[in-house]
Amino acid sequence: MADQTLGLKRRIQDDLRRLDEIYRVGVEIEICLLDDKSLPVNAHTLIKELSTKYDVDHEYGKCQFEVKTDPISMHGLSSVNVFFEEFIDYLSVAIKKVYKNRNIIPVFLGGNPSPDIFKKKLITRKERYLNIYELQKKFPKIEIDGQQFKSCDIATAIQGFHLHLQGLNPVYTTYMFNYILNLLPSAILLGSNSRLFAGKLFSLYEPRVYLYDHSEQQNSGFPAIAKYLDRIEDYVDYIASRPGPDSTNDYFGLEKDRHDDLRIRLNSPYYRVETRIMSVQPTPKEMVAMIEFFIGFLYRSILEGKPLRPLSSIREERLAVIRTGYNSKTHFNISETAKTQLHVAKKGLKDLGLGPEFIGILEKRLENKTSPGEYVTRLWDSNFNGNVYQTVSEIIQHVWDKTKNNSPLL
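The structure presented is a predicted model; accordingly, all values stated were derived computationally and were not measured.

Cut-offs and rules
Residues numbered from 1 in each chain as written. Predicted model: local features only at pLDDT ≥ 70, side-chain atom pairs only at ≥ 80, totals over all residues. Heavy atoms only, no water. Helix = DSSP H or I, 4+ residues; strand = E, 2+ residues; numbered from the N terminus. Rg over C-alpha atoms; globule rule 2.2 N^0.38 Å. Buried < 20%, exposed > 50% of the residue type's maximum accessible area, 1.4 Å probe, protein only. Contact = heavy atoms within 4.5 Å. Areas by Shrake-Rupley, 256 points an atom, 1.4 Å probe, with all protein chains shown as cover. Phe/Tyr/Trp six-rings, centres within 6.5 Å; stacked < 30°, edge-to-face > 60°. Lys NZ or Arg CZ within 6 Å of the ring centre and 35° of its normal. 1 Å grid on protein atoms, 1.4 Å probe; cavity = no way out; pocket = protein on both sides within 12 Å on 5 of 7 lines; lining within 4 Å. Points joined across faces, edges and corners; volume = space filled by probe spheres on them. Nonpolar A, V, L, I, M, F, W, Y, C, P; charged D, E, K, R; others polar. Salt bridge = Lys/Arg side-chain N within 4 Å of Asp/Glu carboxyl O. Axes fitted to C-alpha atoms, helices over the stretch in contact; angles between N-to-C directions. Parallel < 35°, antiparallel > 145°, perpendicular 65-115°, else oblique. Core = buried A, V, L, I, M, F, W, Y, C linked by side-chain atoms within 4.5 Å. Pairing = 2+ DSSP bridges. Expected span 1.5 Å × (residues − 1).

Draft legend 1. Looking closely at the overall build of the protein chain. Scanning the protein chain from N- to C-terminus turns up 15 helices and eleven strands. Here the C-alpha atoms of the protein chain give a radius of gyration of 20 Å, agreeing with the 22 Å that 2.2 N^0.38 yields for 410 residues. Based on the C-alpha atoms only, the size of the protein chain along its principal axes is roughly 60 × 45 × 45 Å. Each of the 410 residues in the protein chain was classed as buried or not, and the buried ones make up 59%. For the protein chain, contacts bridging at least 24 residues in sequence account for 77% of all contacts bridging at least 6. Approximately 16,700 Å² of the protein chain is accessible, and the part contributed by carbon and sulfur atoms is 48%.

Shown next as structure tokens:
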């Protein structure tokens, strides 16, 4: 570990003046499979079929899979939308080919809504996942709205939307990390995707994040840093100081196992940040809207050297938003903060010569004080007839129809 961190710090010093293309965008989306009876479906055969054309892999749970994009220039953001439109078309065809005579529904909701998700041991047979599962079996159960879940089961039912952004050099990447921390509560507010989880509608605004934080005994979530980074070397020291689940002495193993909202990745020739806070977005347009928000805000804020908010305030706001969303009571008005940040983002997009193609989706959510999660909640309230399985099936089919047509929920 000492040799690795020393080597990384030397590399960082050598790269201080390098000029890479900023904001090359990479996206990872995690999805789960349910049938029309709301039961989990093993994704293994589908993954093999999709892998002939796309970068697709297993995720933690057997019913989960993820798809990744290659890094794309920020000036080609529209191609992210096109990529996922084409992927979703191919996914629809592949599902019909692999699961003949069955109605299988891909779920882009951030959390698995199947009432049966925890009835079997649904772990993908990868050593890393099995090790994490065995470790988390020792952790206490998590309680939410009077219902208890085993910590080791949570990752089998949680999906996410990971966004990678490339930095200009180590200095610029440090700025990116610091400013993204300021966006995290707003990203949760605008990107919350479903309160429907494991067959129940929970009271928390974003139960997915709450459950994941607690499944790791709150050793993930908002980065456990005492102050903003002065340089990337501070982040290297942070990672090296955090013990991994298997007491690994490999820096990159620790880096991968830090399930923070935001992390700096040094496992490639480039410097990049990865944010994991958003739930899976239901449609491609909604994903690109969130990407525009991040890129525009970062560019303008770094250019102007905008003041950074106190980390303690952001932590407090993050926790409040997870619990109550737009009704959060903190020292700051979360809606006004998000409104200001969206305004900054639109200015940044204009500076970069990028048309704000989809960020208006987020502005409408803010104006109406809503989110995809609230949309799903209203579906539940209007559709629920006493049969949980039927109602879950109707909701995921409705969202999948919207996803296939790239018609934003809101």
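Draft legend 2. Structural context of unusual backbone geometry. For Ala-198, which is not a glycine, the phi torsion comes out positive at approximately 50°. Note that Ala-198 resides in the loop between β8 (196–197) and β9 (200–201). With a relative accessible area of 12%, Ala-198 lands in the buried category. Phi is positive for Lys-369, close to 50°, though the residue is something other than glycine. Locating Lys-369 in the fold gives a position in the loop between α13 (360–367) and α14 (372–383).

Draft legend 3. Representation of the packing of aromatic side chains. According to the stated counting rule, one finds 17 aromatic pairs in the structure shown. An aromatic cluster is built from Tyr-54, Phe-83, Phe-84, Phe-87 and Tyr-90, whose rings are joined through pairwise contacts. Taking NZ or CZ as reference, Arg-11 lies 4.9 Å from the ring centre of Tyr-271, over its face.

Draft legend 4. Representation of the layout of surface pockets. Roughly 950 Å³ of internal volume is contained in the largest pocket. Along the walls of the largest pocket sit 50 residues, with Glu-28, His-162, Arg-263, Glu-274 and Arg-276 positioned nearest its centre. Sort the elements by how many residues they give to the lining of the largest pocket and helix α7 (residues 207–215) lands first, with five residues. Of the residues belonging to the lining of the largest pocket, the class tally is 13 nonpolar, 14 polar and 23 charged.

Draft legend 5. Region of interest: the environment of Gln-217. With respect to the helices, strands and loops of the structure, Gln-217 is situated in the loop between α7 and α8 (232–240). Accessibility expressed as a relative area gives 46% for Gln-217, which makes it partly exposed. For the pair formed by Gln-217 and Val-80, sequence separation is 137 residues and the distance between their alpha carbons is 35 Å. Setting aside its immediate chain neighbours within four residues, Gln-217 contacts Phe-139 and Pro-140.

Draft legend 6. Seen up close, the pattern of salt bridges. Scanning all chains against the criterion turns up 30 salt bridges. Across the salt bridge formed by Glu-286 and Arg-365, the nearest N and O atoms sit 2.6 Å from each other. With Glu-286 in helix α10 (residues 284–304) and Arg-365 in helix α13, the pair connects residues that are 79 residues apart, well separated along the chain. Since its relative accessible area comes to 0%, Glu-286 is described here as buried. Residues participating in the shared-partner salt-bridge network are Glu-255, Arg-263, Arg-265, Glu-274 and Arg-276.

Draft legend 7. Quick peek at the packing of helix α6 (residues 170–191) against helix α11 (residues 311–324). Across the interface, α6 lies against α11 with an axial gap of 9 Å and an inter-helix angle of 10°. Comparing the axis directions of α6 and α11 gives the class roughly parallel. Across the interface between the two elements, Leu-181, Asn-182, Pro-185, Ile-188 and Leu-189 of α6 pack against Leu-311, Ile-314, Glu-317, Arg-318, Val-321 and Ile-322 of α11. Taken together, the residues of the contact of α6 with α11 break down into eight nonpolar, one polar and two charged.

Draft legend 8. Representation of the packing of helix α3 (residues 77–98) against helix α15 (residues 388–404). α15 packs onto α3 with a crossing angle of 130° between their chain directions and a minimal axis gap of 9 Å. It follows from the interaxial angle that α3 and α15 lie oblique. Residues Ile-88, Asp-89, Leu-91 and Ser-92 of α3 pack against Trp-400, Thr-403 and Lys-404 of α15. Classifying every residue of the contact of α3 with α15 gives three nonpolar, two polar and two charged.

Draft legend 9. Geometry of the side chain of Asp-15. Relative to the elements of secondary structure, Asp-15 occurs in the loop between α1 (2–14) and β1 (25–35). Overall, Asp-15 belongs to the buried group, its relative accessible area being 13%. Leave out the neighbours within four places in its chain, and Asp-15 touches Asn-169, Pro-170 and Tyr-271.

Draft legend 10. Region of interest: the nonpolar core. Counting residues in hydrophobic clusters, the biggest one holds 136 residues, and the most contacted among them are Tyr-23, Ile-29, Phe-65, Phe-87 and Ile-295. If one sorts the elements of this core by residue count, α6 sits on top with twelve residues.

Draft legend 11. Layout of the pairing of strand β2 (residues 55–58). Note: β2 against strand β3 (residues 64–68), four bridges, orientation antiparallel. Each bridged residue has a counterpart across the sheet, and for Val-56 the counterpart in β3 is Val-67. With antiparallel pairing between neighbouring strands as the criterion, β2 and β3 make up a hairpin whose turn holds five residues.

Draft legend 12. Region of the structure containing the pairing of β3. Most of β3 is tucked away: four of the five residues are buried. Two strands pair when backbone bridges link them, and β1 and β3 are joined in this way by five bridges, in the antiparallel orientation. Pairing of Ile-31 across the sheet is with Phe-65, part of β3.

Draft legend 13. Broad picture of α10. Taking 1.5 Å as the rise per residue, α10 with 21 residues should run 30 Å; its terminal C-alpha atoms sit 30 Å apart, in good agreement. The buried fraction of α10 is high, at 17 of 21 residues. Of the residues trailing α10, Gly-305 is marked for its positive phi of about 65°.

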